[in-house]
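# Structural description and commentary
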Amino acid sequence: MSLMLNMTGVRKTYATGAVKVEALRGIDLKVNAGDYVSIMGPSGSGKSTLMHIIGCLDVPTAGRYELDGTDVSSMSEKQLAEVRNRKIGFVFQSFNLLASLTALRNVELPLVYAGVSAAERRERALAALAKVGLADRVQHRPGELSGGQQQRVSVARALVTNPALILADEPTGNLDSHSTAEILDLFAELNTAGRTIVMITHEADVASHAKDAVHIYDGLLLEQPVGAGAAK
Ligand SMILES: Nc1ncnc2c1ncn2[C@@H]1O[C@H](COP(=O)(O)OP(=O)(O)OP(=O)(O)O)[C@@H](O)[C@H]1O
Ligand SMILES: [Mg+2]
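Residues numbered from 1 in each chain as written. Chains lettered and ligands numbered in written order. Predicted model: local features only at pLDDT ≥ 70, side-chain atom pairs only at ≥ 80, totals over all residues. Heavy atoms only, no water.

Let's shift gears to the overall build of the protein chain. Each helix and strand in the protein chain was counted, giving seven helices and ten strands. Over its C-alpha atoms the protein chain spans a radius of gyration of 17 Å, differing by no more than 12% from the 17 Å that the globule rule assigns to 232 residues. Dimensions of the protein chain, computed from C-alpha atoms along their principal axes, come out at roughly 50 × 40 × 35 Å. Considering the protein chain as a whole, with its 232 residues, one finds that 50% of them fall into the buried category. Counting only contacts in the protein chain whose residues sit at least 6 apart along the sequence, the fraction spanning at least 24 positions is 71%. Total accessible area on the protein chain stands at roughly 10600 Å², and carbon and sulfur atoms take up 51% of it. (Helix = DSSP H or I, 4+ residues; strand = E, 2+ residues; numbered from the N terminus. Rg over C-alpha atoms; globule rule 2.2 N^0.38 Å. Buried < 20%, exposed > 50% of the residue type's maximum accessible area, 1.4 Å probe, protein only. Contact = heavy atoms within 4.5 Å. Areas by Shrake-Rupley, 256 points an atom, 1.4 Å probe, with all protein chains shown as cover.)

Structure below.
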């Protein structure tokens, strides 16, 4: 089994004026390729900080982080942006779709940044939208879609670059129970098809859909995923 995420001794200290906050105090986290892991923790425990580092939106103050075999712990902004675009599909609580663009255009966007030709972009975006069950909504704008449908568009956008990792931050936080079930079904399906998924949530029933769970308290992890690392 190859490791998708390999974090050792990751620390993040924020210095705001004279106040120092140790948001992460030595995180060791290993996630195998093909795993589906939820990260749970109370408010202020460091979830968003950890998600930013996993997603290469920020770098650790200390420690080492390898994503899909590449050490990303001391990369520049520009290198991190490249890694993000190539390796990670993001799903956010608030969808983050562009309101003026159709579902199709929204899903095509990451491919525009990746320099894919217009014809191939369209083909791949249509396939991704079909995969999330929205083949009949590709010309709709976000405002013409339900919340659950909008989140499915954002899952299609996360998938379209064929990323190594899907990273979801409270993906069901703005959804009703029906749409929540739809998104969780979709994640289960994607994981069965071999995708690695890391999902951050503070809801235990949402977290229980993942194969493994880790808990973060006050900047420290309490458990390793059952199926990860040496356990396999
Ligand atoms: N940019 C920042 N600058 C300074 N301190 C920060 C910054 N971001 C987070 N913190 C501090 O780091 C700690 C962890 O914050 P974080 O946002 O990671 O928590 P969280 O688990 O995501 O909480 P929530 O569930 O409320 O979103 C908190 O004490 C917070 O005040
Ligand atoms: Mg947070």
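Spatial ordering of the open sheet is given by E2-E1-E4-E5, a layout of four strands whose pairing is antiparallel. Edge positions in the sheet fall to strand E2 (19-32) and strand E5 (70-71), since each has one partner strand and no second. Where strand E4 (residues 62-67) lies against E5, two bridges are found, and the strand directions are antiparallel. What sits directly across from Leu67, in E5, is Thr70. Each of strand E1 (3-16), E2 and E4 touches helix H1 (residues 47-54); the most contacted strand, E1, lies at about 125° to it. (Pairing = 2+ DSSP bridges. Axes fitted to C-alpha atoms, helices over the stretch in contact; angles between N-to-C directions.)

In this section: the packing of aromatic side chains. By convention here, two paired aromatic rings are described through the distance between centres and the angle between planes. Per the counting criterion, the structure on display carries two aromatic pairs. Ring geometry for Tyr36 versus Phe187: centroids 6.5 Å apart, planes at 80°, classification edge-to-face. You can see Tyr36 sitting in strand E3 (residues 36-40) and its partner Phe187 sitting in helix H6 (residues 177-192), a full 151 residues away along the chain. Phe187 shares its class with Tyr36; the two are buried. (Phe/Tyr/Trp six-rings, centres within 6.5 Å; stacked < 30°, edge-to-face > 60°.)

For the rest of this paragraph, the subject is the sheet that holds E3. Pairing is mixed across the open sheet formed by six strands, whose spatial order is E6-E7-E8-E3-E9-E10. Across the chains shown, the open sheet's two edge strands, defined by having one partner strand only, are strand E6 (88-92) and strand E10 (220-221). One ladder, built from four bridges, connects E3 with strand E9 (residues 212-217); its direction is parallel. Bridge pairing in E9 places Val37 opposite Asp212. Running over the sheet, helix H2 (residues 77-87) touches E6 and strand E7 (165-169) and is turned about 85° from E6. Contacts from helix H5 (residues 147-159) reach E6 and E7, with the element oriented near 165° to E6.

A separate point is the site of ligand 1. Taken together, Tyr14, Thr16, Val21, Ala23, Pro42, Ser43, Gly44, Ser45, Gly46, Lys47, Ser48 and Thr49 form the complete shell of residues around ligand 1. Backbone polar atom of Ser45 to an oxygen atom of ligand 1: 3.2 Å apart, as the coordinates give it. Thr49 places a side-chain nitrogen or oxygen 2.6 Å from an oxygen atom of ligand 1. Considered on its own, ligand 1 offers 640 Å² of accessible surface; in the complex 58% of this is hidden by protein. Looking at the shell around ligand 1, the elements that each hand over two or more residues are E1, E2 and H1. (Near = heavy atom within 4 Å. Polar contact = N/O pair within 3.5 Å; in protein donor to acceptor, adjacent residues only side chain to side chain.)

On to the packing of H5 against H6, then. At their nearest, the axes of H5 and H6 sit 9 Å apart, and the two run at 20° to each other. It follows that H5 is roughly parallel to H6 by the angle criterion. Crossing of H5 against H6: the hand is right-handed. Along the contact surface, H5 presents Gly148, Gln151, Arg152, Val155 and Leu159, while H6 presents Ser179, Glu182, Ile183, Leu186, Phe187 and Leu190. (Parallel < 35°, antiparallel > 145°, perpendicular 65-115°, else oblique. Left-handed = near helix turned anticlockwise from the far one by under 90°.)

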